[in-house]
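Descriptive analysis of the structure
The residues making up each chain are set out below.
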Amino acid sequence: MTDNSSAKTHQNFIGGKWQDSISGQVYPVANPAHTSQVVGNFQSSLPQDAENAIAAADAAAKDWASMPAPQRGAILYKALDIFGRRAQELAEAITMEEGKPIADAMGEVKRAMNIIEYAAGEGRRLFGYTTPSELPDTVAYTVKRPLGVVALITPWNFPLAIPVWKLAPCLIAGNTVVYKPASATPLTAVKTVEIFEEAGLPPGVLNFITGPGSSIGNTLVEDPRVAGISFTGSTEIGTAITARGSELLKKMQCEMGGKNAAIIMNDADLEKAVPGVVQGAFGSTGQRCTATSRAIVEDGIYDEFMSTLIEQTSALKIGDGMDESKDVAPLSSRNQLETVLEYIGIGTEEGAKLTLGGHHLQDGEFADGYYVEPTIFEDVKPEMRIAQEEIFGPVLSVFKASGLQDAIRINNDVEFGLSSSIYTRDLVQAHEYINTSHNGMVHVNAPTLGGEVHLPFGGLGSSGIGQREQGTEGFDFFSETVTVYIDHSAGAKERSRFI
Ligand code: NDP
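By the naming in an unreviewed UniProt entry, the chain is Aldehyde dehydrogenase family protein, taken from Candidatus Lucifugimonas marina. Checking UniProt for the chain, the heading Sequence similarities (unreviewed entry) contains the comment "Belongs to the aldehyde dehydrogenase family."

**Digging into the pairing of strand β4 (residues 34-43)**
Side-chain direction in a regular strand flips from residue to residue, so the side chains alternate between the two faces of the sheet. Counting buried residues in β4 gives seven out of 10 residues, a clear majority hidden from the surface. Sheet topology note: the strand β3 (residues 26-31)/β4 ladder contains six bridges and is antiparallel. By the bridge assignment, tyrosine 27 is partnered in β4 with phenylalanine 42. Connecting β3 to the antiparallel partner β4 that follows it, the hairpin turn spans two residues.

**What about the nonpolar core?**
Judged by nonpolar contacts, the single largest core of 64 residues is most densely connected at Leu76, Phe83, Leu171 and Phe196. Counting contributing residues per domain, this core is built from domain 1 (12-256 + 463-483) and domain 2 (260-444), each supplying no fewer than three. Residues contacting leucine 171, with those up to four places away along its chain left out, are Trp64, Arg72, Leu76, Val177, Phe196, Leu201 and Val205. Membership of the second largest hydrophobic core comes to 29 residues, among which are Ile264, Val297, Val328 and Leu396.

**So, the pairing of strand β11 (residues 251-255)**
For β11, the buried fraction is high: four of the five residues fall into the buried class. Relative to β11, strand β10 (residues 226-232) runs parallel, the two sharing five bridges. Each bridged residue has a counterpart across the sheet, and for phenylalanine 231 the counterpart in β11 is cysteine 254. Once you follow β10 into helix α8 (residues 235-247) and on to β11, the crossover reads as right-handed.

**So, the site of the ligand**
In the vicinity of the ligand lie 29 residues, with Ser183, Ser234, Met256, Cys289 and Glu390 positioned nearest. Here an oxygen atom of the ligand sits 3.4 Å away from a polar atom, N or O, in the main chain of glycine 211. Serine 234 is positioned such that a nitrogen or oxygen atom in its side chain is 2.6 Å from an oxygen atom of the ligand. Protein chains bury 86% of the 910 Å² of accessible surface belonging to the ligand in isolation. If you list the elements that add at least two residues to the shell around the ligand, you get α7 (213-222), β10 and α8. By residue number, the principal contributor to the shell around the ligand is α7, which donates three residues.

**Quick look at the pattern of salt bridges**
Scanning the entire structure with this criterion turns up 16 salt bridges. Taking the shortest distance from any N to any O, the salt bridge between aspartate 476 and lysine 144 comes out at 3.5 Å. With a gap of 332 residues between them, aspartate 476 in helix α15 (residues 471-477) and lysine 144 in strand β6 (residues 138-146) connect regions that are remote in the sequence. Look at aspartate 476 and you get partly exposed, because its relative accessible area is 27%. Within this structure, Arg86, Glu89, Lys191 and Glu194 form a network of salt bridges that share partners.

**A few points about the sheet that holds strand β24 (residues 479-487)**
One open sheet holds the three strands; their spatial order is β5-β6-β24, and the pairing between them is antiparallel. Two strands bound the open sheet, and with one partner strand each, they are β5 (130-132) and β24. The sheet shows a mean angle of 25° between the axes of neighbouring strands, direction not considered.

**Considerations on the UniProt feature "domain: Aldehyde dehydrogenase" (unreviewed entry) in the chain**
Following the UniProt record, the feature "domain: Aldehyde dehydrogenase" (unreviewed entry) maps to residues 18-484 here. End C-alpha atoms of residues 18-484 are separated by 41 Å, and the span's content is 41% helix alongside 23% strand.

**Side note on unusual backbone geometry**
Of note in this structure, serine 284 is not a glycine but carries a positive phi near 50°. Mapped onto the secondary structure, serine 284 falls in the loop between α9 (270-282) and β13 (292-298). Not every positive phi belongs to a glycine, and phenylalanine 392 is a case in point at roughly 65°. Among the secondary structure elements, phenylalanine 392 is positioned in the loop between α12 (385-388) and β18 (395-401).

**A word on the sheet that holds strand β12 (residues 260-264)**
An order of β14-β17-β18-β13-β12-β20-β21 is seen for the seven strands of this open sheet, with the pairing classed as mixed. Pairing within the sheet leaves two strands with one partner each, and these edge strands are β14 (353-356) and β21 (441-444). Across the sheet, the mean angle from the axis of one strand to that of its neighbour is 25°, orientation sign disregarded. Across five bridges, β13 lies against β18 in parallel orientation. Looking across to β18, one finds that glutamate 298 is bridged to alanine 401. Contacting β12, β13, β18 and β20 (419-423), helix α13 (residues 404-412) runs over the sheet at an angle of about 145° to β18.

What counts, and where the lines are drawn
Along every chain, residues carry numbers that run from 1 in the direction the sequence is written. Local features in a predicted model are, by the rule used here, given only for residues with pLDDT of at least 70; side-chain atom pairs are given and counted only at 80 or more, and totals for whole chains, interfaces and linings are based on all residues. Values shown for side chains rest on all heavy atoms present in the structure; no hydrogens or waters enter the calculation. UniProt positions are given in the numbering used here, feature names are shortened, and annotations may be inferred rather than shown by experiment. Residue exposure (1.4 Å probe, protein chains only): buried if accessible area is under 20% of the type maximum, exposed if over 50%, otherwise partly exposed. Helix and strand assignments follow DSSP, with helices taken as H or I runs no shorter than four residues and strands as E runs no shorter than two, numbered in order from the N terminus. Strands are treated as partners if at least two bridges between them are detected by DSSP. Residue types Ala, Val, Leu, Ile, Met, Phe, Trp, Tyr and Cys, when buried and joined through side-chain atoms within 4.5 Å, form a set referred to as a nonpolar core. Either an automatic procedure or a domain database provided the assignment from which the domain bounds are taken. Contact between two residues is taken to exist if any of their heavy atoms lie within 4.5 Å; hydrogens are not considered. For the handedness criterion, the strands are oriented away from the viewer, and a crossover whose path from the first strand over the helix to the second runs clockwise is classed as right-handed. Each residue is tested against the molecule or strand, and it is near if at least one of its non-hydrogen atoms lies within 4 Å. The term polar contact refers here to a pair of N or O atoms within 3.5 Å; inside protein, the definition further demands a hydrogen-donor-capable atom paired with an acceptor-capable atom, and it admits residues adjacent in sequence only when both atoms are side-chain atoms. Computed by Shrake-Rupley with a 1.4 Å probe, the accessible areas treat only the displayed protein chains as cover when residues are assessed. Each salt bridge in this description consists of a side-chain nitrogen of Lys or Arg and a carboxyl oxygen of Asp or Glu lying within 4 Å of one another. The convention used is that axes are lines fitted to C-alpha atoms, helices contributing only their stretch in contact, and that angles between N-to-C directions extend from 0 to 180 degrees.

Laid out in structure tokens, this is it:
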């Protein structure tokens, strides 16, 4: 039974003012490690709140776009200082509402800070290009312009890093924002907005509303004042949003699910490969979009790989993410718990061999949280649902491959294409894999996880559509390119009749 009576109630932030939703309703968010502990109450916003937030963003758009980009960068540098000051508090908020181990949460805070640092500097590098014109006495060049009002819709699994990797380039590019976090993780979002407010963002530049995506999401996608939508979340919602937004001719960017594989070849260094797979599959409780949910192991090294994998996975300590000695934390919500347990049941029914784990832990310290043991399936066939569908939990499916081509075939035989990795010492094999794997990000001798802030992040197929996030591509999404021709000749001249 949750008690939300003593938890703080947080507000929306619209036009520079913290305010209640016009619904007059709030909803509680509980700690997934101790479900009776409420971390806060949050506004159950209505479509009218979303419209008010869009109106505030629209009203602020012209002035924000005219502020020189290096000055916008200066505000982000201030935000970076405040993030540093509040790092521990942010990490604790992430662990309390999302569940992940505190060390992972602190890693997420550091990642968010790296993103802000990178984006702030880009305020001095929003380059266009110049090129010789085909006409005499003519200057031709391009400039970047903001889109206007942009809606940012984010998931719960990285409640700080994902919003920040959208927000920072979006703001630097001169857009104003309506930000809707996942309903499950609004506390970190509130703190993020507070930091940007304290850093000096003018009123209306960043607007923030909490509440069900199923109702306010449509308003954000459909309102004609919103020019672009950057979404991260499930393939199901992302696909629906892409269809509707594209129909309305909006600029769309959707990062979605994954079914990432690590390939372990016979010549792999197991001292790298096994910890890489363990970290990829069970770190952050498998709730990363880049988590390793499949291991594809060449037959000659299979037995040795499996025995070390089982040994290292069995040694993982499960518990409350606030306890620094724990490696695997609870799942983020009851919904996640039910989904993961359902897939473990499906895998067993489909005939895969449940080699390790599979249990819902409910006794003693686990009684009040959403804990599932790290789980390994063997004898997984590519056509099984646990081989094809995103589980988003601590469940690893292991396949045996007869060689590189077989491994790449299994890797590519899913609708997703976010990330993958190969462990091999053979450069020929590594390059064959790099050139033929159906993934937006590939790793050699490293886990399927993560990425660096100054390099593009995103996937192919059902994993993503639209321009990549992060890197220079991240700024391109949040900008329009305008081509300029200036005729500085003294009189009339012959012009092209082509267009
Ligand atoms: P969801 O798709 O359920 O939700 C994502 C966001 O969309 C939430 O803010 C949600 O709000 C909102 N939303 C829900 N319905 C609508 C709607 N009709 N219109 C507009 N917005 C809506 O995903 P999850 O939060 O469950 O996130 C997990 C998923 O995110 C996984 O599939 C994972 O792979 C993916 N992901 C992908 C990443 C990538 O970069 N490729 C990175 C991280 C996660 P509400 O919470 O209120 O429902």
